[in-house]
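So the chains spell out like this:
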Amino acid sequence: MILLNKIVLSGYNLDAGISLMFYQNLVSVVLVSILSLLGVINTEPITWKLVRVWLPVNLIFVGMLVSSIYSLKYMNVAMVTILKNVTNMITALGEMYLFHKHHNQKVWGSLILMVISATCGGITDLSFHGLGYGWQIVNCFLTAGYSLTLRKVMDLAKQVTKSGSLNEFSMVLLNNLLSLPLGLGLILVFQEAPYLLSSPVLRLPVFWAVATLSGLFGLAISFTSMWFLHQTSPTTYSLVGSLNKIPLSLAGIMLFRVPTSVPNLLSIFFGLFAGVLFALAKISS
């Protein structure tokens, strides 16, 4: 998903990140709705009570997607990947204060190493862009907030459904459907519509193919995230989500020919190593 978004934003020089998010979520809504109408999957009827319960977490969801897209536009994939480690620190702190969950010294040690690697990576980043780093820091807080609040909202939402349950497909449909009016409002506020109407990139079939594929990946991520958070904890969710960092960083550097230096590469691999230590520390605890 990250690589595809980077291709769409940088490869096609698309300056409409909110519109990209809107299209990706629209693809998810259309596909889930079709599968539901065909009887392949079951989805819960969407009521105003359910919408009111889910809306706060949906606002975080939209902010998380938008900030991720904008950070990726201005930053290289490897540095985005390393800075995402900061999310683990914020999530762990959130669990400690909100759910009174304690972590051992190995976990905190690895988290501190992640923050140090992210700082060193930013200092040695040859393609440093302050706006991109700002968006990524916002994304770290929103991603942590999403994982911390989603589990609680899942339980509250079940209480206002007709069946008393809410499966993953229903949650994906609800989340993406509610994001559409919010996304449309942001498109109007940031005046992306005039840009899209005059952009030649929308006349390229390959662009639509890549954008649609990213939407399908977004659906897969939404479903698996809902299911995984339903089964585990926010910190474990962040942990497993960090396991793709090594191949993703290498792929990002090679595919997009990112200018780098020895200190920057060392900070990236130091951050990846800290992620491995974090995984081992979580397993041992």
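In short, a report on the structure. Counting restarts for each chain: residues are numbered from 1 in the order of the written sequence. In view of the model being predicted, local features appear only for residues whose pLDDT reaches at least 70, and side-chain atom pairs are presented and counted only at 80 or more, with totals across whole chains, interfaces and linings using the full set of residues. The basis for every side-chain value is the complete set of heavy atoms in the structure, and neither hydrogens nor water enter the calculation.

**Let's talk about the nonpolar core**
Residues belong to one nonpolar core when they are buried, are Ala, Val, Leu, Ile, Met, Phe, Trp, Tyr or Cys, and are joined through side-chain atoms within 4.5 Å. Exposure is judged per residue with a 1.4 Å probe applied to protein chains only, and the accessible area is read against the type maximum: over 50% gives exposed, under 20% gives buried, and values in between give partly exposed. Grouped together as the largest cluster of nonpolar side chains are 54 residues, with contacts concentrated most on Leu14, Leu20, Trp54, Tyr146, Leu150, Met154 and Met226. Per-element tally for this core: the top contributor is helix α3 (residues 48–74), with 11 residues. Discounting residues that sit within four places of it in the chain, Leu14 has contacts with Val8, Leu9, Leu20, Lys73, Tyr195, Leu196, Val201 and Phe207. The next biggest cluster of nonpolar side chains, apart from the first, holds 8 residues, and it includes Leu111, Met114, Ala274 and Phe278. Secondary structure elements are defined from DSSP: runs of H or I of at least 4 residues count as helices, runs of E of at least 2 residues count as strands, and each element is numbered from the N terminus. Any two residues having at least one pair of non-hydrogen atoms within 4.5 Å are treated as being in contact.

**As for the environment of Ile187**
Secondary-structure assignment places Ile187 in helix α8 (residues 168–189). Residue Ile187 is classed as buried on the basis of its relative accessible area of 8%. Along the chain, Ile187 and Ala16 lie 171 residues apart, while their C-alpha atoms are 8.3 Å from each other.

**Overview of the packing of aromatic side chains**
Two aromatic rings, drawn from Phe, Tyr or Trp (for Trp, its six-membered ring), form a pair once their centres lie within 6.5 Å of each other, and the interplanar angle then sorts them: stacked below 30 degrees, edge-to-face above 60, tilted otherwise. For the structure on display, the rule yields 6 aromatic pairs. Centroid distance Tyr12 to Phe207: 5.5 Å. Interplanar angle 75 degrees. Geometry classified as edge-to-face. With a gap of 195 residues between them, Tyr12 in the loop between α1 (2–11) and α2 (17–37) and Phe207 in helix α10 (residues 205–231) connect regions that are remote in the sequence. For Tyr12, a relative accessible area of 22% corresponds to the partly exposed category. Taking relative accessible area as the criterion, Phe207 reaches 4% and is therefore assigned buried. An angle of 70 degrees between the planes, with centres 5.7 Å apart, marks the rings of Phe207 and Trp208 as edge-to-face.

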